[in-house]
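# Inside the fold
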Amino acid sequence: MNILVTYQSKTGFTKRYARWIGEELSCECKKLSAVDAAQIAGYELVIHGGWIMGGMINGLEKIKSFHPQKLIVFGVGFTDKKEVDMEKWRTENKLSDIPFFYYEGGMNPEKMGLMGKTMVRLVTKKKPEYVDYTKKDKIRELVDTVKAL
Ligand SMILES: Cc1cc2nc3c(=O)[nH]c(=O)nc-3n(C[C@H](O)[C@H](O)[C@H](O)COP(=O)(O)O)c2cc1C
């Protein structure tokens, strides 16, 4: 199967998951800004990962507008997976029947910018500090789902 992984990542955690998925599936992995609709048309499956901002998956609308033949989506945020309301995020992101996976990323204040840090401070009531929750084995279910297609 001809597969492409795309990602939109601000501080690098989503990019890391996208790269791992690309490695495991032996397929190409590109940032979303580097692809267009014509390129997307050449793939049987696109797996898009976007960092989550205010509950919304970055790049999702753009990748949908390219009308991939088949789409799988993963979102990356700092919320503990156990606390995520997947159905709420599915609805708010208008995912309907698109398969959706969630992974814990982390926080990197050095790359977040002043606006990002201010917003995180307002929402979490805490000073943003470096944390990294990424782990390669979190992609296992997605990878197995794709291999079973
Ligand atoms: C402005 C802002 C809003 C965010 N909103 C959320 C959110 O609603 N839910 C969540 O789980 N994480 C949220 N995050 C955390 C990021 O999604 C998290 O840091 C993620 O790992 C960033 O991925 P990246 O390194 O690929 O950019 C937010 C971060 C910023 C800066």
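Calculation criteria
Residues numbered from 1 in each chain as written. Predicted model: local features only at pLDDT ≥ 70, side-chain atom pairs only at ≥ 80, totals over all residues. Core = buried A, V, L, I, M, F, W, Y, C linked by C-beta atoms within 7 Å. Buried ≥ 20, exposed ≤ 12 C-beta atoms within 10 Å, placed from the backbone. Helix = DSSP H or I, 4+ residues; strand = E, 2+ residues; numbered from the N terminus. Contact = placed C-beta atoms within 7 Å. Near = placed C-beta within 6 Å. Nonpolar A, V, L, I, M, F, W, Y, C, P; charged D, E, K, R; others polar. Axes fitted to C-alpha atoms, helices over the stretch in contact; angles between N-to-C directions. Left-handed = near helix turned anticlockwise from the far one by under 90°.

A word on the nonpolar core. Counting 28 residues, the largest nonpolar core has Tyr-17, Ile-21 and Val-76 as the members making the most contacts within it. Taken together, the elements giving at least two residues each to this core come down to β1 (3-8), α1 (13-25), β3 (45-53), α3 (60-65), β5 (71-77) and α6 (140-147). Residues contacting Val-76, with those up to four places away along its chain left out, are Phe-13, Thr-14, Tyr-17, Gly-49, Trp-51, Ile-52, Tyr-103 and Gly-105.

Every one of the 23 residues lining the ligand counts as a neighbour, but Ser-9, Thr-14, Trp-51, Gly-77 and Gly-105 are closest to it. For the shell around the ligand, the elements supplying multiple residues, two or more each, are α1, β3, β5, β7 (106-107) and α5 (109-124). Sorting elements by how many residues they give to the shell around the ligand places α5 first, with four residues. The residue makeup of the shell around the ligand, split by class, is ten nonpolar, eleven polar and two charged.

On to the packing of α1 against α6. The interhelical angle for the contact between α1 and α6, taken along N-to-C directions, is 35°, at an axis separation of 10 Å. Both α1 and α6 take part in a crossing whose hand is right-handed. Counting all contacts with α1, which are made through Ile-21, Glu-24 and Leu-25, the residues of α6 involved are Leu-142, Val-143 and Val-146. Among the residues forming the contact of α1 with α6, the class breakdown is five nonpolar, no polar and one charged.

With a phi close to 50°, Ser-26 is a non-glycine residue in the positive phi region. Looking at the element boundaries, Ser-26 is found in the loop between α1 and β2 (28-31). Residue class for Ser-26 comes out exposed when judged on the 7 C-beta atoms lying within 10 Å of it. Unusually for a residue other than glycine, Ser-96 sits at a positive phi of about 35°. Among the secondary structure elements, Ser-96 is positioned in the loop between α4 (86-92) and β6 (100-104).

Honestly, it's all geometry; don't read function into it.
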